Amino acid sequence: MITAIVGTQWGDEGKGRICHYEAQRAKMVIRCAGGNNAGHTVVYEGKKYALHLLPSSIVNPYVLSVIGTGTVIDPKALINEIESLRAEGVDIEPDNLVISNRAHVTMNIHIVLDKVMETLRGSKKIGTTGKGIGPTYSEKASRTSIRMCDLIGDYEALKEKISLIVKVHKPLIESVGDLTYHYQSVVKKLADEYYEYGKKLAEFVQDTKPIVYNCIKEGGNIIMEGAQSTFLDLDQGSYPDVTSSNCLASGCCTGAGIGITQVDEVIGVMKAYTSRVGEGPFPTEQENEIGDRIRFLGHEYGTTTGRPRRCGWLDLVMISDAVYLNGCTALALNHLDTIGKFDEIKVCCGYNYHGKFIQHVPVDHENCKPCYETFKGGWNTEGATTLEEIGEDAVKFVKFIEEYIEVPVVYIGIGPDASQIIIR
Ligand code: GDP
Ligand code: IMO
Ligand code: MG
């Protein structure tokens, strides 16, 4: 059984906690795209883990965690992530972590470039995580990038590849004060630094293709852990306020190296409200005390950057588009506890768009005015093991989502802990 777990909004829907839950019955969990711009939270046995590049299964030693081909890897950040998790007692060994030798490498040049481009964009900045993601994917598309296999291969060959990258980015390197451009010395410095990272990660780097194939052949359950989200997708999201990878279930297949016809299930993860970090359109945003209250109750601060997340009401038009774009077969609805603290809950069911009523996300999302339905909240989810135990109003809310989207809600999050989840 192969399951893709993807975000249906603008990220941070709680994909990590759903992947961690699903991982209990899996042999392998694969991070398919994105890099350490992701921040996936897992709260397990009273401990909170913030995972960036490592799959959310890493806290479970019985599962093989795979950092797939479609990801971009900042090796320095990955080494830090591995070391800090090990210090917390998490087992990370070559028998439970594998890194694709085809994954592309984020270098410090890309991180600098990310920041320089944000400055150049001025008022049109994207609000990136500053992790060098866009420039790494650009390098990959330009076919000048280095991959994990280069870090563990021949030093001279690595140096030659880095020398081309340095030539391409000469104006940038010259413009950054502390990296004085002296061609040979910059190339050598970078080659030495990244070769060293390669040595540290070498034991994990493998061709993941036969490993994934064998798992499929043996009938092992595989989870593809999506990162970022539908509306941050480079092609289908709110361009240019998007990330640079393909975040949909189809992108998971490409990044993991799994054929689309092999996928049995696509779980779309959503929150009972909407949040967004970074710039871009957000029709149901509440820049008022409602948004502040959602942020406070839901602890809506970025896992990666600590930035306060923009918050607003649930937008079912977006979820409906996301279900279609990803081919979702089921939904996981998180933060039912958080939204239930409001006596009155609004849900966007359509847009007023240039005087017309529409129920899809148009290219100029910023011109959409939400049309809301109102629900009675004020429920208490504490200790609930079924939706019915939470009460009639919560049942009405969830049933309305299911009827609108026409896909069943199979998981309901009622708190951040792994145990605070209702399975239907
Ligand atoms: P991801 O990037 O999609 O994995 O999501 P993040 O981990 O960035 O953000 C989700 C946040 O919501 C984390 O702090 C989770 O611990 C928290 N969370 C997830 N599900 C629930 C839920 O049902 N209730 C509450 N109160 N918190 C939740
Ligand atoms: P997870 O997997 C929320 C956002 C950034 C910015 C835009 C581009 O935790 O849901 P980038 O650094 O990727 O070039 O930034 O995308 N962004 C995320 N927002 N959750 C994420 O990941 C995100 N990854 C990137 O805030 O708006
Ligand atoms: Mg996150």
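In short, a report on the structure. (Residues numbered from 1 in each chain as written. Chains lettered and ligands numbered in written order. Predicted model: local features only at pLDDT ≥ 70, side-chain atom pairs only at ≥ 80, totals over all residues. Heavy atoms only, no water.)

Given two aromatic rings, their pairing is described by the distance between the two centres and the angle made by the two planes. Inspection of the entire model under this criterion finds 10 aromatic pairs. Judged by centre distance (5.5 Å) and plane angle (70°), the rings of Trp-313 and Phe-342 are edge-to-face. Within this pair, whereas Trp-313 is found in strand 13 (residues 310-315), its partner Phe-342 is found in the loop between helix 13 (336-339) and strand 15 (344-353), the two being separated by 29 residues in sequence. Residue class for Phe-342 comes out buried when judged on its relative accessible area of 6%. Consider the rings of Trp-379 and Phe-397, whose centres lie 5.6 Å apart with planes at 50°: the pair is tilted. On the criterion of sequence distance, the pair formed by Trp-379 in the loop between strand 17 (368-376) and helix 14 (387-390) and Phe-397 in helix 15 (residues 392-405) is long-range, its members being 18 residues apart. According to the relative accessible area criterion, Trp-379 is buried, its value standing at 8%. Aromatic rings pair up to connect Phe-375, Trp-379, Phe-397, Phe-400 and Tyr-404 into one cluster. (Phe/Tyr/Trp six-rings, centres within 6.5 Å; stacked < 30°, edge-to-face > 60°. Helix = DSSP H or I, 4+ residues; strand = E, 2+ residues; numbered from the N terminus. Buried < 20%, exposed > 50% of the residue type's maximum accessible area, 1.4 Å probe, protein only.)

With that settled, consider the pairing of strand 10 (residues 222-225). Going residue by residue along strand 10, you find Ile-222 and Met-224 tucked away on one face and Ile-223 and Glu-225 tucked away on the opposite face as well. Of the strand pairs in this sheet, strand 1 (residues 2-7) and strand 10 are connected by four bridges, and their pairing is parallel. Across the sheet, residue Ala-4 finds its bridge partner in strand 10, namely Met-224. Where strand 2 (residues 28-31) and strand 10 come together, four bridges link them in parallel fashion. (Pairing = 2+ DSSP bridges.)

So, about the sheet that holds strand 18 (residues 409-413). Spatial strand order, 9-7-5-2-10-1-11-14-18-19: 10 strands in an open sheet with mixed pairing. Two strands lie at the open edges of the sheet, namely strand 9 (205-206) and strand 19 (421-423), each paired on one side alone. Here strand 7 (residues 97-100) runs beside strand 9; their pairing, made up of two bridges, is parallel. In the sheet register, Ser-100 faces strand 9, and the bridge partner there is Gln-206. In the packing of helix 1 (residues 15-22) onto the sheet, the strands contacted are strand 1, strand 10, strand 11 (265-271), strand 14 (330-334), strand 18 and strand 19, and the crossing angle to strand 1 comes to about 165°. (Contact = heavy atoms within 4.5 Å. Axes fitted to C-alpha atoms, helices over the stretch in contact; angles between N-to-C directions.)

A word on the coordination of the magnesium ion (ligand 3). Surrounding the magnesium ion (ligand 3) are the protein donor atoms Asp-12 (OD) and Gly-39 (O), which sit 2.0 to 2.1 Å from the metal. On the criterion of sequence distance, the pair formed by Asp-12 in the loop between strand 1 and helix 1 and Gly-39 in the loop between strand 2 and strand 3 (40-44) is long-range, its members being 27 residues apart. Classification of Gly-39 as buried rests on a relative accessible area of 11%. (Donors = N, O, S within 2.8 Å, 3.2 Å for Na, K, Ca; no water.)

The next subject is the nonpolar core. Counting residues in each nonpolar core, the largest one holds 55 residues, and the members touching the most others are Leu-336, Ile-339, Phe-397 and Ile-401. For this core, the leading source of residues is helix 15, giving six residues. Contacts of Ile-401, omitting those with residues within four sequence positions, involve Met-270, Leu-314, Leu-316, Leu-331, Leu-333, Glu-406 and Val-409. One finds Leu-85, Leu-113, Val-186 and Ala-191 within the second-largest nonpolar core, a separate group that totals 41 residues. (Core = buried A, V, L, I, M, F, W, Y, C linked by side-chain atoms within 4.5 Å.)

The subject of this paragraph is the pattern of salt bridges. Taken as a whole and assessed by the stated rule, the structure comprises 17 salt bridges. Residue Glu-196 is joined to Lys-199 by a salt bridge in which the shortest nitrogen-to-oxygen separation is 3.5 Å. Separated by three residues within a single helix, Glu-196 and Lys-199 lie in helix 8 (residues 183-201), roughly one turn from each other. Several salt bridges converge on common partners, so that one network encompasses Asp-12, Lys-271, Glu-300 and Arg-309. (Salt bridge = Lys/Arg side-chain N within 4 Å of Asp/Glu carboxyl O.)

Another aspect to go through is the environment of Tyr-62. Tracing the backbone through its elements, the reader meets Tyr-62 in the loop between strand 4 (47-51) and strand 5 (64-67). In the structure, Tyr-62 is positioned 35 residues away from Lys-27 in sequence and 7.6 Å away in space, judged by C-alpha atoms.

Residue position: Thr-3 is located in strand 1. Thr-3 gets classed as buried once you look at its relative accessible area, which sits at 0%. Once residues within four sequence positions are removed from consideration, Thr-3 is found in contact with Glu-22, Arg-25, Ile-222, Ile-223, Met-224, Glu-265 and Ile-267.

Reported here for the second largest pocket is a volume of approximately 260 Å³. Together, 14 residues line the second largest pocket, and Gly-237, Ser-238, Val-361, Pro-362 and Val-363 are the ones closest to its centre. (1 Å grid on protein atoms, 1.4 Å probe; cavity = no way out; pocket = protein on both sides within 12 Å on 5 of 7 lines; lining within 4 Å. Points joined across faces, edges and corners; volume = space filled by probe spheres on them.)

This paragraph deals with the site of ligand 2. Ligand 2 sits among 20 residues. The nearest are Lys-15, His-40, Thr-129, Gln-228 and Thr-243. Lys-15 is positioned such that a nitrogen or oxygen atom in its side chain is 2.7 Å from an oxygen atom of ligand 2. The side chain of Arg-307 places a nitrogen or oxygen atom 2.9 Å from an oxygen atom of ligand 2. For ligand 2, whose unbound accessible area comes to 550 Å², protein coverage reaches 97%. Looking at side-chain class alone, the shell around ligand 2 contains seven nonpolar, 10 polar and three charged residues. Inspection of the shell around ligand 2 shows a minimum of three residues originating in each of domain 1 (2-90 + 208-423) and domain 2 (104-203). (Near = heavy atom within 4 Å. Polar contact = N/O pair within 3.5 Å; in protein donor to acceptor, adjacent residues only side chain to side chain. Areas by Shrake-Rupley, 256 points an atom, 1.4 Å probe, with all protein chains shown as cover. Nonpolar A, V, L, I, M, F, W, Y, C, P; charged D, E, K, R; others polar. Domains from an automatic or database assignment.)

Moving on, we get to the packing of helix 12 (residues 316-326) against helix 15. Helix-helix packing is described using two parameters, namely the angle between the two axes and the distance between the axes. Following both chains from N to C, one finds helix 12 and helix 15 inclined at 50°, their axes separated by 10 Å at the closest point. In terms of orientation, helix 12 lies oblique with respect to helix 15. In the packing of helix 12 onto helix 15, the handedness of the crossing is right-handed. Residue-level contacts link Leu-316, Val-317, Ile-319, Ser-320 and Val-323 of helix 12 to Phe-400, Ile-401, Tyr-404 and Ile-405 of helix 15. (Parallel < 35°, antiparallel > 145°, perpendicular 65-115°, else oblique. Left-handed = near helix turned anticlockwise from the far one by under 90°.)

Taken together, 19 residues lie around ligand 1, and Lys-15, Gly-39, Thr-41, His-335 and Asp-337 are the ones closest in. Separating a nitrogen atom of ligand 1 from a side-chain N or O atom of Arg-17 is a distance of 3.1 Å. Taking Gly-413, its main chain carries an N or O atom lying 3.1 Å from an oxygen atom of ligand 1. Here ligand 1 has 590 Å² of accessible area as a free molecule, and 94% of this is covered by the chains. Elements supplying a minimum of two residues to the shell around ligand 1: helix 1, strand 3 and helix 13.

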